[in-house]
Amino acid sequence: MPRVLTVLLALALAPAALPAADAFAQGSMSEAFKGFGANRKDPIQIEADSLEVRDKESVALFNGNVLVRQSQTVMKAARLKVFYDSKPGQEGGTGLPSNQQFRRLEADGRVIISQGDQTVTGEQGWFDMKSEEAMITGGVVLTQGKNVARGERLAIDMKTGQYRLDAAKGSGRVQLILEPAAAKGAGGKP
């Protein structure tokens, strides 16, 4: 289905938005969703099948095949709800306020966030720029190259770079698969 709407937003975002997975071996998620809002100079491009703006609520609702891109970071979801700060009289020509800051993003419907060889997937996700916290829930899978971590809920504190992956209640465990460094030489021998 062709895109009905492509919106290019060059926004002044909160400086610490979404972090992305550094390296499982290093145990760091401090780079996890690096692109979104971390660099105020790079524009954020949002594509969706439809957009509804609720000015009085300072909310933009993107629906259908949502694609968000900033620099090297990409997010896909079925729906995206963007809460923003705006001041009266700051509307741009698109009906969206200009020069606002995102307060919170809420995505749902098979959320996929990737940067390079790092990917995080889940069913829902929210990212709060003011508290600098993020959460991905619902069959969470983190990958970096061949390394894989699985759980039900991933909580990220962007200020400290700490994250916590919890298992679903009743299943009792998270799963982590770490591949050794790439084999060198013939026949896969190091």
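See above for the structure.
Residues numbered from 1 in each chain as written. Predicted model: local features only at pLDDT ≥ 70, side-chain atom pairs only at ≥ 80, totals over all residues. Heavy atoms only, no water.

Side note on the environment of Arg104
Of note, Arg104 is situated in strand E6 (residues 101-115). When sequence neighbours within four positions are dropped, the list of residues in contact with Arg104 reads Lys81, Val82, Phe83, Trp126, Phe127, Asp128 and Met129. A polar side-chain atom of Arg104 sits 2.7 Å from a polar atom in the side chain of Glu106. (Helix = DSSP H or I, 4+ residues; strand = E, 2+ residues; numbered from the N terminus. Contact = heavy atoms within 4.5 Å. Polar contact = N/O pair within 3.5 Å; in protein donor to acceptor, adjacent residues only side chain to side chain.)

Some words on the pattern of salt bridges
Working definition: two side chains of opposite charge can pair if their charged atoms are close together. The final tally for this structure, using the stated rule, is nine salt bridges. Arg104 is the partner of Glu106 in a salt bridge, and the nearest nitrogen-oxygen pair spans 2.7 Å. The residue Arg164 makes a salt bridge to Asp166 at a minimum N-O spacing of 2.7 Å. (Salt bridge = Lys/Arg side-chain N within 4 Å of Asp/Glu carboxyl O.)

Considering the nonpolar core
Counting 29 residues, the largest nonpolar core has Phe62, Met75, Leu80 and Leu154 as the members making the most contacts within it. Breaking this core down by element, the ones donating at least two residues are strand E2 (44-48), strand E4 (59-70), strand E5 (73-85), E6, strand E7 (118-128), strand E8 (133-144) and strand E9 (147-157). Other than its neighbours up to four places away in sequence, Leu80 contacts Ala60, Leu61, Phe62, Val66, Val68, Met75, Leu105, Glu106 and Ala107. (Core = buried A, V, L, I, M, F, W, Y, C linked by side-chain atoms within 4.5 Å. Buried < 20%, exposed > 50% of the residue type's maximum accessible area, 1.4 Å probe, protein only.)

A word on the environment of Asp55
Within the fold, Asp55 resides in the loop between strand E3 (50-54) and E4. Its relative accessible area of 36% is what places Asp55 among the partly exposed residues. Sequence separation of Asp55 and Ser86 is 31 residues, and the distance between their C-alpha atoms is 9.0 Å. A polar side-chain atom of Asp55 sits 3.4 Å from a polar atom in the side chain of Tyr84.

Examining the environment of Trp126
Mapped onto the elements of the fold, Trp126 is located in strand E7. For the pair Trp126 and Val82, spaced 44 residues apart in sequence, the C-alpha to C-alpha distance is 9.9 Å. If near-sequence neighbours (up to four positions away) are discounted, Trp126 is found in contact with Arg104, Leu105, Glu106, Glu133, Ala134 and Met135.

Focus: the pairing of E6
Bridge analysis of E5 against E6 gives 11 bridges, and the strand direction is antiparallel. Across the sheet, residue Tyr84 finds its bridge partner in E6, namely Phe102. Here 10 bridges tie E6 to E7, and the two strands are oriented antiparallel to one another. In the sheet register, Gln115 faces E7, and the bridge partner there is Gln118. Counted between consecutive antiparallel strands, the loop separating E6 from E7 contains two residues, among which Gly116 sits at a positive phi close to 60 degrees. (Pairing = 2+ DSSP bridges.)

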